[in-house]
Amino acid sequence: MPIPRTQGLVARSLLRDDAYRAIRDAIVDGTLAPGERLSDPELVAWLGISRTPIREALARLEQSGLVQTKPGRFTIVSPLDHRETRSAQLVAAAMHELAVREAVPLMSDHELAAMRKANERFAQALRDNDVDAALQADDDFHEVAVVASANPMLRAVLEQVTPMLRRIERVQFSSLSGRSSVAMHERIITLAAAGDAEAAGLAARENWQTLEPLLAMESERDQ
């Protein structure tokens, strides 16, 4: 497996959640490619931590669909499964719709301002062709409603399905197709500011449904 150049980057006090994020991000950005074998010794050398939190992180990544394990044989980065990714996309769209519906009646000017600022950073990142910054700004935008909804089950479900969507989101935000999300975010903000929870929720669902054409294209390409 290819090892990132910055070995020992993570402190030895790294918890399994940090190991999970580090390996997840390497999978999402393509450093660890689909089908790549994951070696415990190399992961230990890269992260600078013991095997136990790494194995715990890999187990969590397997639950998220990013890793496949055959006990005693191998652990690999999961190939992009279009059926599973579409299932994750449908669940994410429904959860974000619910988050916005529940959040709108509870939102203050502070939350609306946070959404506007995140969307401004998102638009700038797209103009700069900075996919990592675009993903972070998009996360920050949608996170406002998830937090405001005060529904812990929403977060739990989204943490389960979102990692599987990251690879297809990178494709979206590195192409012109991602530009439409800026206007869709603005519509969500406008409807939320007007107190229209139902319409804002539907707009959030539509935003996540923009991944569908990319999923179809990727599926056709692999056939």
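Just above, that's the structure.
Note that the structure is predicted; figures quoted are calculated from it, not measured.

Engineer: What is the right way to look at the nonpolar core in this model?
Structural biologist: Proteins that are soluble and globular tend to have nonpolar side chains buried together. Val 100, Val 104, Met 107, Met 115, Phe 141 and Ile 188 are the most contacted members of the largest nonpolar core, which totals 20 residues. When residues of this core are assigned to their parent elements, the largest contribution, five residues, is made by helix α9 (residues 197–209). Val 100 has contacts with Ala 145, Ala 200, Gly 201 and Ala 204, leaving out every residue within four places of it along the chain. Core analysis: the second largest hydrophobic core is formed by 19 residues, Ala 19, Ala 26, Leu 38 and Leu 61 among them.

Engineer: Just checking my understanding: could you explain helix α2 (residues 40–47) for this structure?
Structural biologist: Within α2, the full set of buried residues consists of Asp 40, Leu 43, Trp 46 and Leu 47. All buried residues of α2 lie within an arc of 125° about the axis, which places them on one face of the element. Buried residues along α2 sit against α1 (16–28) and α3 (51–63). Phi turns positive one or two residues past the end of α2, at Gly 48, with a value near 70°.

Engineer: Help me understand the pattern of salt bridges in this model?
Structural biologist: Any two side chains of opposite charge can pair, on the condition that their charged atoms come close. A full pass over the atoms with the stated rule returns 13 salt bridges. Linking Glu 97 and Arg 101 is a salt bridge whose minimum nitrogen-to-oxygen distance equals 3.0 Å. Linking Glu 97 with Arg 101, this pair stays in helix α4 (residues 82–103), spanning four residues, or about one helical turn. Taking relative accessible area as the criterion, Glu 97 reaches 8% and is therefore assigned buried. Here Arg 101 falls in the partly exposed class, since its relative accessible area comes to 29%. One salt bridge in this structure joins Asp 139 and Arg 166, with 2.7 Å as the shortest N-O distance. Linking Asp 139 in helix α6 (residues 131–149) with Arg 166 in helix α7 (residues 152–173), this pair joins segments that are 27 residues apart in sequence.

Engineer: What is the right way to read the side chain of Ser 149 from this model?
Structural biologist: Structurally, Ser 149 is set in helix α6. Here Ser 149 falls in the buried class, since its relative accessible area comes to 6%. Only 2.7 Å separates the side chain of Ser 149 from the backbone oxygen of Val 146, close enough to count as a polar contact. Excluding anything up to four places from it in sequence, Ser 149 contacts Ala 99, Glu 102, Ala 103, Leu 106 and Leu 154.

Engineer: Help me understand the environment of Met 95 in this model?
Structural biologist: Within the fold, Met 95 resides in helix α4. A relative accessible area of 19% places Met 95 in the buried class. Along the sequence, Met 95 and Arg 205 sit 110 residues apart, while their C-alpha atoms lie 8.3 Å from each other. Excluding anything up to four places from it in sequence, Met 95 contacts Leu 154, Val 157 and Leu 158.

Calculation rules
Residues numbered from 1 in each chain as written. Predicted model: local features only at pLDDT ≥ 70, side-chain atom pairs only at ≥ 80, totals over all residues. Heavy atoms only, no water. Core = buried A, V, L, I, M, F, W, Y, C linked by side-chain atoms within 4.5 Å. Buried < 20%, exposed > 50% of the residue type's maximum accessible area, 1.4 Å probe, protein only. Helix = DSSP H or I, 4+ residues; strand = E, 2+ residues; numbered from the N terminus. Contact = heavy atoms within 4.5 Å. Arc of directions from axis to C-beta. Salt bridge = Lys/Arg side-chain N within 4 Å of Asp/Glu carboxyl O. Polar contact = N/O pair within 3.5 Å; in protein donor to acceptor, adjacent residues only side chain to side chain.

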